[in-house]
Amino acid sequence: METLDKIKLIYSFDEEDASNLTQIKDLMNSNANEFISGVYSFISNFDDFSKFLPNDEIRTRHREKLKIWFLSLFSGKYDNEYLRQLKRIGETHSEIKLPSHYVSATMNYIRNFIHKVILKNIPASDKRDEIIKSINKIIDINLDIIISSYINEGKFYIAATKFETKIIKFSSKFSYTLDLALVISLIIATIMVFLLFIFEIYKFAFGGGAFESTVVDILGAMLIVWAIRELLEEEVKKLKGHKFALSAFIGLAMAALLRKILIFSLAPGKSKEVAILGFLVLVLGIVYWLMNKSTKS
Ligand code: HEM
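Everything numeric in this text was worked out from a predicted model, so none of it was measured.

This next bit is on the coordination of the iron atom of the ligand. Four donors placed tetrahedrally around a metal ideally meet at 109.5 degrees, and six donors placed octahedrally ideally meet at 90 or 180 degrees. Looking at the iron atom of the ligand, one finds its protein donor set to be His62 (NE2) and His93 (NE2), positioned 2.1 to 2.2 Å from the metal centre. In this structure, the iron atom of the ligand is coordinated by six donor atoms arranged in octahedral fashion, with angles at the metal of 84 to 180 degrees. Of the two residues, histidine 62 sits in helix α6 (residues 56-72) while histidine 93 sits in helix α7 (residues 80-95), which places them 31 residues apart along the sequence.

A few words on the domain arrangement of the protein chain. The assigned domain composition of the protein chain is domain 1 (4-158) and domain 2 (166-296). Distance between the C-alpha centres of domain 1 and domain 2: 49 Å.

The ligand sits among 19 residues. The nearest are Phe52, Arg61, His62, Thr92 and His93. Arginine 61 places a polar side-chain atom, nitrogen or oxygen, 2.7 Å from an oxygen atom of the ligand. Histidine 62 is positioned such that a nitrogen or oxygen atom in its side chain is 2.8 Å from a nitrogen atom of the ligand. Looking at the shell around the ligand, the elements that each hand over two or more residues are α6, α7 and α8 (100-121).

Another aspect to go through is α6. Helix length check: α6, at 17 residues, gives a terminal C-alpha distance of 24 Å against a target of 24 Å (1.5 Å per residue), a fit within 8%. Those residues of α6 that fall on the buried side of the exposure criterion are Leu66, Trp69, Phe70 and Ser72. Angularly, the buried residues of α6 cover 155 degrees about the axis, an arc narrow enough to put them on a single face. For α6, exposure combined with an orientation more than 90 degrees from the buried face picks out Asp56, Glu57 and Ile68.

Looking now at unusual backbone geometry. Phi is positive for serine 12, close to 50 degrees, though the residue is something other than glycine. The topology assignment puts serine 12 in the loop between α1 (4-10) and α2 (15-23). The exposure class assigned to serine 12 is partly exposed, which follows from its relative accessible area of 47%. We note that lysine 97 has phi near 60 degrees; this positive angle belongs to a residue other than glycine.

Attention now goes to the environment of glutamate 234. Mapping glutamate 234 onto the fold places it in helix α11 (residues 211-239). Taking C-alpha positions, glutamate 234 is 8.6 Å from leucine 246, a pair spaced 12 residues apart along the chain.

If you walk through the whole model with that rule in mind, you get 11 salt bridges. As a salt-bridge pair, lysine 137 and aspartate 17 come within 3.0 Å of each other at their nearest N and O atoms. Of this pair, lysine 137 sits in helix α9 (residues 126-151) while aspartate 17 sits in helix α2, placing them 120 residues apart in sequence. Residue classification places aspartate 17 among the buried residues on the basis of a relative accessible area of 5%. Overlapping salt bridges bring together Arg229, Glu230 and Glu233 as one network.

Taken together, the side chains of Phe279, Leu282, Val283, Ile286, Val287, Trp289 and Leu290 present a nonpolar region at the surface, about 680 Å² in accessible area. Inspection of the secondary structure assignment puts valine 283 in helix α13 (residues 271-296). Here valine 283 falls in the partly exposed class, since its relative accessible area comes to 35%.

The final tally for this structure, using the stated rule, is 13 aromatic pairs. On the numbers, 5.6 Å between centres and 80 degrees between planes, the contact of phenylalanine 42 with phenylalanine 46 is edge-to-face. Overall, phenylalanine 42 belongs to the partly exposed group, its relative accessible area being 25%. Ring centres of phenylalanine 42 and tyrosine 109 lie 5.0 Å apart, and the angle between their planes is 20 degrees; on these two criteria the pair is classed as stacked. Residue phenylalanine 42 is found in helix α4 (residues 32-43), and its partner tyrosine 109 is found in helix α8; the two are separated by 67 residues along the sequence. Ring pairing ties together the aromatic residues Phe35, Phe70, Phe74 and Phe113, which thus form one cluster. Here the guanidinium or amino end of arginine 63 rests over the ring plane of tyrosine 40, the centre of that ring lying 4.4 Å away.

Cut-off values and rules
- Residues numbered from 1 in each chain as written.
- Predicted model: local features only at pLDDT ≥ 70, side-chain atom pairs only at ≥ 80, totals over all residues.
- Heavy atoms only, no water.
- Donors = N, O, S within 2.8 Å, 3.2 Å for Na, K, Ca; no water.
- Tetrahedral: all angles 85-135°; square planar, octahedral: opposite > 155°, others 65-115°.
- Helix = DSSP H or I, 4+ residues; strand = E, 2+ residues; numbered from the N terminus.
- Domains from an automatic or database assignment.
- Near = heavy atom within 4 Å.
- Polar contact = N/O pair within 3.5 Å; in protein donor to acceptor, adjacent residues only side chain to side chain.
- Expected span 1.5 Å × (residues − 1).
- Buried < 20%, exposed > 50% of the residue type's maximum accessible area, 1.4 Å probe, protein only.
- Arc of directions from axis to C-beta.
- Salt bridge = Lys/Arg side-chain N within 4 Å of Asp/Glu carboxyl O.
- Patch = residues over 30% accessible without salt bridge, like charges linked within 9 Å, V, L, I, M, F, W, Y side chains within 5 Å.
- Areas by Shrake-Rupley, 256 points an atom, 1.4 Å probe, with all protein chains shown as cover.
- Phe/Tyr/Trp six-rings, centres within 6.5 Å; stacked < 30°, edge-to-face > 60°.
- Lys NZ or Arg CZ within 6 Å of the ring centre and 35° of its normal.

Pasting the structure below:
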């Protein structure tokens, strides 16, 4: 979780930087139209330019928003609202699946454009060097937040108050602890089912159990071990910051039902139960397939 203060601290962005940027506000304002045409001639070279910005209506809207964003770089007001807007820009680009390289490359063009304007209009001095440093910081902060919204879609959060920050920090730690507990429980459950698996073989070898039912019991245990392993893998992925695939739960439910079908298939007079379970497995199978299909596309 990131906060406005943390980001500013990481980049050593202080009041001096904010003041340096405000000083060139008028200069940038008078170069805003040149900025827009420059950016557009740069991005129109991208292969997918027409795919993302297909018509005049969208392009005009984008130009206007781009101009507002450009001028806000020099507004001197870098508060939570500013950060929220950057996050939204990242989300909008991420939603349309715009490659993040395009944003990075365009930002590189923008940095060079601003440098050129400064070098052309402000005489060489320590102050000019300071202004350029502040420009680099605000551009890097912008790129950082926009790209973070791509990577941590939904995870990137800007708290409005300190209390909110504390609550969010506490709940994310709590949820992390719960995830860890779940992983440990799943490991224990896997060991237990594995023991059951060994016990079935032992029972058959030394207790003289029926061959058919032993094979079915072993197959059932294997199915459950496989499903728990899938669930465990998903939990570990979640701990590493990836999204949790709910389909792992459906997989586990299917494995449990299949195990029951295997057991019932040996018992006489259980055809009705087997048919109902079979239908449930079919329904779950369709849901499982649909879920996997939607995550792939
Ligand atoms: C540093 C680079 C860029 C900046 C600062 C930027 C800025 C913005 C902003 C401020 C918005 C409006 C976000 C909102 O309020 O929801 C936006 C939307 C959008 N951007 Fe960009 N953009 C950049 C690069 C690009 C590139 C390279 C493309 C495509 C080649 C692109 C395509 C779009 C599209 C299609 C939208 C949605 C437009 C709409 O339907 O309103 N952007 N961008």
